[in-house]
Amino acid sequence: MAEKVTIEKKVLSENDRLAAEIRSTLENLGVFCINMVSSPGSGKTSILERTLAHFGESIPTALIAGDVQTENDADRLKKAGGKTVRAIETGGACHLDAKMVKRVLDDIDLQDIRLLFIENVGNLVCPASFDLGEDLKVVLMSTTEGDDKPLKYPSMFRRSSVMIINKCDLLGLSNFDKEKARENALTINGKMKIIEVSCRTGEGLEEWYDWLESSVAQKKR
Ligand code: MG
Ligand code: ZN
């Protein structure tokens, strides 16, 4: 057991070193970077598709889509108008790490990019421990999940700056209690910004776009 803990610590400090390199590269170029996390099926790819369609070329954006297998999400993002999209197939790993991200970033011309989305593997556990050099994490949950997700996966919700509640068009069709979900998230992280949306109908997305636009604008180059 002791040995396992030591190895994990080594892996994480190597990860932190690479994440710091990524962060300083992005800082110098003035690229605002979001690490998108959620359980599978909450709508990470859907909100990114909407976002790409909304901003068009007004915010030059690069996207990295991580999945255990397939490049399906990267293909969807290209179809949605993504000019710079890269897939990472982890081949079994249930999270992205800084090494995988750095390898892909080295191959992207970031000169004119202002915004970088990293769509993590759908998983609320270990992506919380792997810094990818992002400015902040955005966690999605949807109304088809349990409203106690923040209580079950506190590290992820503690480390995220924004929580998006997706599929709000389906409220009332399940036992999901939106107020309870908000309360649970704020219990874990009192500073959490919460945005309610439906990627299907588009409701609530203006608030997300406004937040994103001002976050990108605040990032100096
Ligand atoms: Mg996805
Ligand atoms: Zn993992």
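Treat the numbers as computed from the prediction; the structure is a model and nothing was measured.

What about the nonpolar core?
Then step 1. Formed by 29 residues in total, the largest nonpolar core has its most connected members in I34, M36, I47, F117, V138, W208 and W211.
Then step 2. When residues of this core are traced back to their parent elements, those giving at least two are β1 (32–37), α2 (44–55), β2 (61–67), α3 (72–79), β4 (115–119), β5 (136–142), β6 (160–166) and α8 (205–218).
Then step 3. No other element matches α8, which puts six residues into this core.
Then step 4. Core analysis: the next-biggest nonpolar cluster, separate from the first, contains 23 residues, L18, C33, I64 and L105 among them.

Concerning the coordination of the zinc ion (ligand 2)
Then step 1. With distances of 2.0 to 2.2 Å, the protein atoms coordinating the zinc ion (ligand 2) are C94 (SG), H95 (ND1) and C126 (SG).
Then step 2. Sequence positions of the donors to the zinc ion (ligand 2) reduce to the motif C-H-x30-C.

Description of α3
Then step 1. Looking only at α3, the buried set comprises D73, A74 and L77. Across the axial projection of α3, the buried residues extend over an arc of 100 degrees, all falling on one side.
Then step 2. Just beyond α3, the residue with positive phi is G81, at close to 115 degrees.

Some words on the side chain of H95
Then step 1. Following the sequence through the fold, H95 ends up in the loop between β3 (84–89) and α4 (98–105).
Then step 2. Every residue in contact with H95, bar those within four places of it in the chain, is listed here: T90, M100, N120, V121, C126, P127 and F130.

Notes on the packing of aromatic side chains
Then step 1. Summed over the entire model, instances satisfying the criterion amount to four aromatic pairs.
Then step 2. Between F32 and W211, the ring centres sit 6.3 Å apart and the planes meet at 65 degrees, which makes this aromatic pair edge-to-face. Here the residue F32 occupies a position in strand β1, and W211 occupies one in helix α8, the gap between them amounting to 179 residues.
Then step 3. Classification of F32 as buried rests on a relative accessible area of 6%.
Then step 4. Ring centres of F117 and W208 lie 6.5 Å apart, and the angle between their planes is 35 degrees; this geometry places the pair in the tilted category. On the criterion of sequence distance, the pair formed by F117 in strand β4 and W208 in helix α8 is long-range, its members being 91 residues apart.
Then step 5. Its relative accessible area of 2% is what places F117 among the buried residues.
Then step 6. Taken together through their ring pairs, the aromatic side chains of F32, F117, W208 and W211 make up a single cluster.

Description of the pairing of strand β7 (residues 193–196)
Then step 1. When β6 meets β7, the two strands line up parallel, connected through four bridges. What sits directly across from I164, in β7, is I195.
Then step 2. Crossover handedness for the path β6 to helix α7 (residues 178–188) to β7: right-handed.

Looking at the sheet that holds β2
Then step 1. Spatially, β3-β2-β4-β1-β5-β6-β7 is the arrangement adopted by the seven strands of the open sheet, whose pairing is parallel. The sheet is open, and its two edges are formed by β3 and β7, each paired on a single side. Sheet twist, expressed as the average angle between the axes of neighbouring strands with direction ignored, equals 20 degrees.
Then step 2. In this structure, β5 lies alongside β6, joined through six bridges in parallel fashion. What sits directly across from V138, in β6, is V162.
Then step 3. Across the sheet, α2 touches β1, β2, β4, β5 and β6, and the angle it forms with β4 is around 160 degrees.
Then step 4. Sheet strands in contact with α4 are β2, β3 and β4, and its direction is about 145 degrees off that of β3.

Definitions and cut-offs
- Residues numbered from 1 in each chain as written.
- Chains lettered and ligands numbered in written order.
- Predicted model: local features only at pLDDT ≥ 70, side-chain atom pairs only at ≥ 80, totals over all residues.
- Heavy atoms only, no water.
- Core = buried A, V, L, I, M, F, W, Y, C linked by side-chain atoms within 4.5 Å.
- Buried < 20%, exposed > 50% of the residue type's maximum accessible area, 1.4 Å probe, protein only.
- Helix = DSSP H or I, 4+ residues; strand = E, 2+ residues; numbered from the N terminus.
- Donors = N, O, S within 2.8 Å, 3.2 Å for Na, K, Ca; no water.
- Arc of directions from axis to C-beta.
- Contact = heavy atoms within 4.5 Å.
- Phe/Tyr/Trp six-rings, centres within 6.5 Å; stacked < 30°, edge-to-face > 60°.
- Pairing = 2+ DSSP bridges.
- Right-handed = clockwise from strand over helix to strand, strands pointing away.
- Axes fitted to C-alpha atoms, helices over the stretch in contact; angles between N-to-C directions.

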